[in-house]
Amino acid sequence: MGIPRDYDDNPERYRRGMTASPGAPDLYALLAAELPDGAAVLDLGCAEGVLSHAVTARGSAPRLVVGLDRSATMLRAHPGPAVRGCVTALPFGDGSFDVVVAVNCLCHLGDPRPALREARRVLVEGGLFLAATIAHTDSPELAAVWRPARTAFDAEQAPELVRAVFPDVEIRPWDAPLVRLPDTRAVRDYLVARLMPPTEAEISARWVEVPLTVTKRGALILAR
Ligand SMILES: C[S@@+](CC[C@H](N)C(=O)[O-])C[C@H]1O[C@@H](n2cnc3c(N)ncnc32)[C@H](O)[C@@H]1O
């Protein structure tokens, strides 16, 4: 039930996805603001290092942001430090990090629970786990042509899974008309970024009335 991965053989799709939601607030800048000064941070599913870049741009002052990803292609563009690995078997000792971040990553797993236990293991006592994920009811205005794939870490289920591993959990949901798609081309790009094959996205986009405002639904989960 995890979302299929195409990061090694189709990195352009991920890159296009980073610009296909015009108007949405910069989640990575919000996350960078949550990172305490001097913290050692592990970014699970770091891809090309968008969080590391946000930390630099914002002037946040964690001591270290280490990326981890299973895609060699994504890691080639990461500014470093970063390691190749799987979130279910982290190559770090117990208590190595003050913060572990997982943005739109655990939705790729059929069972996110081993990765959550690994995140807790590598955190110091009282360390912060930050996860962001979208809801199954995201983008309802596009329901006639596209629905998000169900995953084991949708915003609807994720809080309960995180609570099973971390005693102290805060949920900050979002549900707001955040994205404005001005034309058919923008709708097509939005759909391709969400794993619709390009030809199908081209055809589907023609059925959508533009400009379109899209409601974004998901949750930021903060746990200790
Ligand atoms: C949707 S991207 C998110 C990337 C980045 N966190 C962001 O928000 O833009 C998901 C990333 O998770 C990585 N990934 C998926 N499953 C993984 C696993 N089991 N272990 C490590 N990385 C994984 C993918 O290679 C990809 O780079």
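The model shown is predicted, which means the values in this text are computed figures rather than measured ones.

About the thresholds
Residues numbered from 1 in each chain as written. Predicted model: local features only at pLDDT ≥ 70, side-chain atom pairs only at ≥ 80, totals over all residues. Heavy atoms only, no water. Near = heavy atom within 4 Å. Polar contact = N/O pair within 3.5 Å; in protein donor to acceptor, adjacent residues only side chain to side chain. Areas by Shrake-Rupley, 256 points an atom, 1.4 Å probe, with all protein chains shown as cover. Nonpolar A, V, L, I, M, F, W, Y, C, P; charged D, E, K, R; others polar. UniProt positions renumbered as here; feature names shortened; annotations may be inferred. Helix = DSSP H or I, 4+ residues; strand = E, 2+ residues; numbered from the N terminus. Axes fitted to C-alpha atoms, helices over the stretch in contact; angles between N-to-C directions. Parallel < 35°, antiparallel > 145°, perpendicular 65-115°, else oblique. Left-handed = near helix turned anticlockwise from the far one by under 90°. Contact = heavy atoms within 4.5 Å. Buried < 20%, exposed > 50% of the residue type's maximum accessible area, 1.4 Å probe, protein only. Pairing = 2+ DSSP bridges. Salt bridge = Lys/Arg side-chain N within 4 Å of Asp/Glu carboxyl O. Right-handed = clockwise from strand over helix to strand, strands pointing away.

**Student:** Looking at this structure, how should I read the site of the ligand?
**Tutor:** Looking at the ligand, there are 20 residues lining it, with Tyr7, Tyr14, Tyr28, Gly45 and Asp69 nearest. Take valine 87: an N or O atom from its main chain is 3.1 Å from a nitrogen atom of the ligand. Isolated, the ligand exposes 600 Å² of accessible area, and the fraction of that covered by the protein chains is 95%. Classifying every residue of the shell around the ligand gives twelve nonpolar, five polar and three charged.

**Student:** I tried to follow the UniProt feature "domain: Methyltransferase type" (unreviewed entry) in the protein on my own but got confused; where do I start?
**Tutor:** Feature annotation in UniProt places "domain: Methyltransferase type" (unreviewed entry) on residues 42-130, given in this structure's numbering. As annotated, residues 42-130 comprises 27% helix and 30% strand, and the C-alpha atoms at either end are separated by 10 Å.

**Student:** What am I meant to see in the packing of helix H7 (residues 184-193) against helix H8 (residues 198-205) here?
**Tutor:** Between two packed helices, the angle of one axis relative to the other and the distance separating the axes together describe the packing. With their axes 8 Å apart at the nearest point, H7 and H8 run at an angle of 140 degrees to one another. Relative to H8, the element H7 is oriented oblique. Viewed along their axes, H7 and H8 form a crossing whose handedness is right-handed. Residues Thr184, Val187, Arg188, Leu191 and Val192 of H7 touch H8, and the partners they reach there are Pro198, Ala201, Glu202, Ser204 and Ala205. Its residues placed into classes, the contact of H7 with H8 shows six nonpolar, two polar and two charged.

**Student:** What's the story with unusual backbone geometry in this structure? I'm lost.
**Tutor:** The peptide bond linking glycine 80 to proline 81 adopts the cis configuration, its omega dihedral lying at -5 degrees. Here proline 81 lies in the loop between helix H4 (72-76) and strand E3 (82-84). The omega torsion across valine 210 and proline 211 is -5 degrees, close enough to zero to call that bond cis. Tracing the backbone shows proline 211 in the loop between H8 and strand E7 (212-223). Even without being glycine, asparagine 104 reaches a positive phi, approximately 50 degrees. Summarising the element assignment, asparagine 104 is placed in the loop between strand E4 (97-103) and helix H5 (113-122). Classification of asparagine 104 as partly exposed rests on a relative accessible area of 34%.

**Student:** Can you walk me through the packing of helix H2 (residues 27-34) against helix H3 (residues 50-58) in this structure?
**Tutor:** At their nearest, the axes of H2 and H3 sit 9 Å apart, and the two run at 65 degrees to each other. Relative to H3, the element H2 lies roughly perpendicular. The handedness of the crossing between H2 and H3 is right-handed. Contact with H2, carried on its side by Tyr28, Ala29, Leu31, Ala32 and Ala33, involves Val50, Leu51, Ala54, Val55 and Arg58 of H3 and no other residues of that element.

**Student:** Got a minute to help me understand the pairing of E7 in this structure?
**Tutor:** When a strand is regular, its side chains alternate between the sheet's two faces. Judged by how many residues are buried, E7 sits mostly within the fold: ten of twelve residues are covered. Relative to E7, strand E6 (residues 169-181) runs antiparallel, the two being bridged by twelve bridges. Bridging from a neighbouring strand, proline 173 pairs with alanine 219 of E7.

**Student:** Got a minute to help me understand the pattern of salt bridges in this structure?
**Tutor:** Once the charged atoms of two side chains with opposite charge are near each other, the side chains can pair. One pass over the full model with this rule turns up 13 salt bridges. Two residues, aspartate 189 and arginine 16, come together in a salt bridge whose shortest N-O distance is 2.6 Å. Here aspartate 189 is found in helix H7, whereas its partner arginine 16 is found in helix H1 (residues 11-17), with 173 residues between them in sequence. Look at aspartate 189 and you get buried, because its relative accessible area is 19%.

**Student:** Sorry, what's going on with the pairing of E4 here?
**Tutor:** Buried residues dominate E4, accounting for six of its seven residues. Relative to E4, strand E1 (residues 40-44) is paired through four bridges, and the arrangement is parallel. Looking at E4, one finds that leucine 44 is bridged to alanine 102. Alignment of E4 against strand E5 (residues 123-134), held across six bridges, turns out to be parallel. Bridge assignment links alanine 102 to a residue of E5, and that residue is alanine 131. On the question of chirality, the crossover connecting E4 to the parallel E5 by way of H5 is right-handed.

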